Amino acid sequence: MQKPEGGHLRIEHLRLRLGAFQVADLSLEVEDGQYFVLLGPTGAGKTVLLETIAGLHRPEGGRLWLDGEDITARPPEQRGIGFVYQDYVLFPHRTVAENVAFGLALRQATAWERALPWLARRRLRRLARAQAVTDALDLLHIGHLADRHPRHLSGGERQRVALARALVVQPRVLLLDEPLSALDPQRREALRGELRRIHRALSTTVLHVTHDFEEAVALADRIAVVHAGRIEQVGTPEAIFRRPATPFVAEFVGVRNLFAAQASPAGKGITRLAVGGLTIIAAGHAKGKVHLAVRPEDIVLSRHPQESSLRNVFQGRVTAIEPRGALVYVTVEVPRSGEKPLPLVAAITAPALETLALRPSDPVTAGFKASAVHVF
Amino acid sequence: MSMMRNRLFLPFALLGAVLIWFVAWPLLRTITAVTPAALWHTLGEPEVAHAIGLTFGASAAATLLALVLGVPLAYLLARAAFPGKALVEAIVDIPVVVPHSAAGIALLMVFGRQAAVGKAFAALGIRFVSATPGIVIAMLFVGLSFLVNAARDGFRSVDPRLEHVARTLGASPWQAFWQVTFPLAWRSILSGVIMMWARGLSEFGAVVILAYHPMVAPVLIFERFESYGLDYARPVATLVILISLLVFLFLRWVGRDAEA
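The written sequence of each chain sets the order in which its residues are numbered from 1. A letter from A marks each chain and a number from 1 marks each ligand, given out in the order of writing. Residue-level local features of this predicted model are given only where pLDDT is at least 70; pairs of side-chain atoms are given and counted only at 80 or more, and the full residue set underlies all totals for whole chains, interfaces and linings. As a convention, hydrogens and water are excluded, and side-chain values are obtained from all of the structure's heavy atoms.

### Points about helix α5 (residues 100-111) of chain B
Reasoning step 1: The way it works is that DSSP assigns letters per residue, a run of H or I at least four long becomes a helix, a run of E at least two long becomes a strand, and they are numbered from the N terminus. Take the residue count of a helix, subtract one, and multiply by 1.5 Å to get its expected span. Along its 12 residues, α5 of chain B runs 16 Å from first to last C-alpha, staying within 8% of the 16 Å computed at 1.5 Å per residue.
Reasoning step 2: Here the buried face of α5 of chain B lies against α4 (85-97), α7 (132-156), α9 (173-201) and α10 (205-210) of chain B. We call two residues contacting when some pair of their heavy atoms lies within 4.5 Å.

### What to know about the sheet that holds strand β13 (residues 278-283) of chain A
Residues and elements named next belong to chain A.
Reasoning step 1: Spatially, 5 strands are ordered β13-β12-β11-β14-β20 in an open sheet, and the strand pairing comes out antiparallel. Strands at the two margins of the open sheet, each flanked by one partner only, are β13 and β20 (373-375). On average, each strand axis in the sheet is inclined to that of its neighbour by 40 degrees, with strand direction left out of account.
Reasoning step 2: One ladder, built from 4 bridges, connects strand β11 (residues 257-265) with strand β12 (residues 270-275); its direction is antiparallel. From the neighbouring strand, Ala 263 faces β12, where its bridge partner is Leu 273. Paired strands, as defined in this entry, are two strands with at least two bridges between them according to DSSP. Helix axes use the C-alpha atoms of the stretch in contact, all axes being lines fitted to C-alpha atoms, and the angles between their N-to-C directions lie in the range 0 to 180 degrees.

### Let's talk about unusual backbone geometry
Reasoning step 1: Cis geometry is adopted by the peptide bond preceding Pro 214 of chain B, which originates at His 213 of chain B and carries an omega value of -10 degrees.
Reasoning step 2: Structurally, Pro 214 of chain B can be placed in the loop between α10 and α11 (217-228).
Reasoning step 3: In this structure, Asp 67 of chain A takes a positive phi of about 50 degrees despite not being glycine.
Reasoning step 4: Position of Asp 67 of chain A among the secondary structure elements: in the loop between β4 (61-66) and β5 (69-70).
Reasoning step 5: Look at Glu 178 of chain A: it is not a glycine, yet its phi comes out positive at around 45 degrees.
Reasoning step 6: Structurally, Glu 178 of chain A is set in the loop between β7 (173-177) and α7 (185-202).
Reasoning step 7: To sort residues, take the accessible area from a 1.4 Å probe on protein chains only and compare it with the maximum for the residue type: under 20% means buried, over 50% means exposed, and anything in between is partly exposed. Judged by relative accessible area, Glu 178 of chain A falls into the buried class, the value being 5%.

### Comments concerning the environment of Ala 357 of chain A
Reasoning step 1: Note on placement: Ala 357 of chain A falls in the loop between α11 (350-356) and β19 (363-368).
Reasoning step 2: If we skip the residues at most four places from it in the chain, Ala 357 of chain A touches Arg 303 and Asp 362 of chain A.

### Details of α7 of chain B
All names here are of chain B.
Reasoning step 1: Its 25 residues place the ends of α7 35 Å apart at the C-alpha level, agreeing with the 36 Å of an ideal helix rising 1.5 Å per residue.
Reasoning step 2: Axes are fitted to the seven residues ending at a residue and to the seven starting at it; the angle between these axes is taken as the bend at that residue. Taken as a whole, α7 carries its principal kink of about 50 degrees at Gly 143.
Reasoning step 3: Counted residue by residue, α7 has 18 buried out of 25 residues, so it is predominantly covered.

### Here's the deal with the interface of chain A and chain B
Reasoning step 1: Contact residues are listed per partner, giving 29 residues for chain A and 21 residues for chain B.
Reasoning step 2: By buried area we mean how much accessible surface two parts lose on assembly, using a 1.4 Å probe and totalling the loss over both. Summed over the three residues of chain A that lose the most area to chain B, namely Glu 77, His 93 and Leu 106 of chain A, the buried surface amounts to 25% of that side.
Reasoning step 3: Each salt bridge in this description consists of a side-chain nitrogen of Lys or Arg and a carboxyl oxygen of Asp or Glu lying within 4 Å of one another. For the interface between chain A and chain B, the tally reads 2 salt bridges.
Reasoning step 4: A salt bridge links Asp 87 of chain A to Arg 161 of chain B; its shortest N-O distance comes to 2.7 Å.
Reasoning step 5: Here a polar contact is recorded for every N or O atom pair within 3.5 Å, except that within protein the pair must consist of a potential hydrogen donor and a potential acceptor, and residues adjacent in sequence are included only if both atoms are side-chain atoms. Our count for the contact surface shared by chain A and chain B stands at 7 residue pairs in polar contact (both at pLDDT 80 or more).
Reasoning step 6: Of all the secondary-structure elements, those providing two or more residues to the side of chain A that touches chain B are α1 (46-54), β6 (81-84), α2 (96-108), α3 (111-115) and α6 (155-167) of chain A.

### Considering the nonpolar core
Reasoning step 1: For this analysis, a nonpolar core means a set of buried residues of the types Ala, Val, Leu, Ile, Met, Phe, Trp, Tyr and Cys, connected via side-chain atoms within 4.5 Å. Core analysis: the biggest nonpolar cluster contains 150 residues, and Leu 38, Ile 53, Leu 175, Leu 207 and Ile 223 of chain A together with Phe 155 of chain B have the highest contact counts within it.
Reasoning step 2: Here the element with the most residues in this core is helix α3 (residues 46-79) of chain B; it accounts for 13 residues.
Reasoning step 3: Residues within four places of Leu 175 of chain A in sequence aside, it is in contact with Leu 50, Ile 53, Ala 54, Ile 81, Gly 82, Phe 83, Val 84 and Leu 207 of chain A.
Reasoning step 4: Counting residues in each nonpolar core, the second largest holds 31 residues, with Ala 282, Val 294, Val 318 and Ile 348 of chain A among its members.

### Some details on the environment of Val 71 of chain B
Residue and element names in this part refer to chain B.
Reasoning step 1: Considering the arrangement of structural elements, one finds Val 71 in helix α3.
Reasoning step 2: Expressed as a C-alpha distance, the spacing of Val 71 and Lys 85, which sit 14 residues apart in the sequence, is 16 Å.
Reasoning step 3: For Val 71, the residues in contact, after removing those within four places along its chain, are Ala 66, Leu 147, Phe 155, Phe 182 and Ile 189.

### Re the pairing of β19 of chain A
Residues and elements named next belong to chain A.
Reasoning step 1: For β19, the tally of buried residues reaches 5 of 6 residues, placing the bulk of the element in the interior.
Reasoning step 2: Relative to β19, strand β15 (residues 300-302) runs antiparallel, the two being bridged by 3 bridges. Pairing of Ser 302 across the sheet is with Thr 365, part of β19.
Reasoning step 3: One ladder, built from 6 bridges, connects strand β16 (residues 312-324) with β19; its direction is antiparallel. Opposite Asn 312, over in β19, you have Phe 368 as the bridge partner.

The structure is reproduced here in structure tokens:
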């Protein structure tokens, strides 16, 4: 399969109301080839939003542009926008290969087959053996399932079929509605890797909706945090997690210590993570561009460096102290050569703060275990 | 899976057995009371053969009409929200509760020789009173509820998102309906077809008011019973029961294999 042409999606002042769900005024731009993630709480009507982009609902106001063309009034079959539902929605009366061939058969249908669709059945059967279908099945590693019926497949296999079915017609934009959340954790991780690989291979524009921040960070070029039909913040994963623009974003993403890093195996079950001049040691295996997160509760502060089992120990300076509930959040900036200092946020108890007698600009040592580093 | 034993099962089974006996025994008695030779002889009577052919044909025509007019309606009822929907659904159900002789009278009021609609059709050369079209519309009236409701339930059981996906893959609404929704609802529609057709075969009340002649099988049985008594009515009744059972079994079998 090759890269489809185009794929620049622009949403302009979209207004939408469906049942209890409401979008007041939503604008968004997804660049050609970008992996864009809409991140928001479950039940925030993200499915309706995607269905509207696909042309399945008519918005009350606003415009949709695809590669400079106004597609607001275009029926879904003329948009070139693919859709994958959370629970796959495969055609139960067709085999895996026929599911994947479905879109191709429609594109090649003669006038007679369009008018009398029962004639189209033969074309579907024939196309199920076509090279393009085989390629799509192979891309998703499901070639061996070609002749099965969807009811005999596992969740992960169904999701792969749904992806192959959407990709084979080379959509200009692919919409993914919570594509991983119905899977168990192991399959989810595997399929997340697949999504990344497929996006790199085809560079199809992807608009992916999820409530899972880890999924968002792992896949997204850009993230938009949505809440109650509104966009709270748009930016790169790091920007959103480091500098939440609104209290909702801060609350929802909840992670304070999140950094992009370059991972390389360091043997003995550990991984070395280069974070712009600093090296952080993590347990486990990882390679290439990754993200890492450390929970503030896992960071230990001390006045002086001490000998300990902590693999990650950094000298820094206190820049902020914010009490919140039972805990106090202490920000420590660790200097880096030739770059801005790295901010680490540690959560400690009020008595611990008293014992250490920390004040802003005091020197301090921050440490955490390799096993407290979460890589994704 | 083995069924759990339950103390209720025995009394319930006894009560149910009464009902099953009540249906099966009279049918069996009627069938066994007539010798195969007598049946063969009855089938050879032109009047009987004609009545049976007419019954099956008229009911098939009524079912076909309901299929063409009723399946689109069923789809709308399953998918669309529109003002007056509850009323439309009620109207579809009404023929089930109206006594069939009353239904015949009602049809006569509209399709009779004096009525406007009846006259309009007469201008086209179609008569309803004492004619085959009258039998067909009587069967249509009393049977359409079965077909429309079964088709509606069938469409309702098809996830509308299957159509959505088909649309995003390039299908027009027409293609999405025929290639996805209809095949998936087909089994329900077929069971509606069988029920409506069988209903038409057995129709007496509405038919007899619109068209005593030409005679359908139930009317013929009634006439022979009235004019000559049980012994003359029985062979025809037996024949109709047997043919109905055979056709019923055949359609059940077709329905089971429809998806394979």
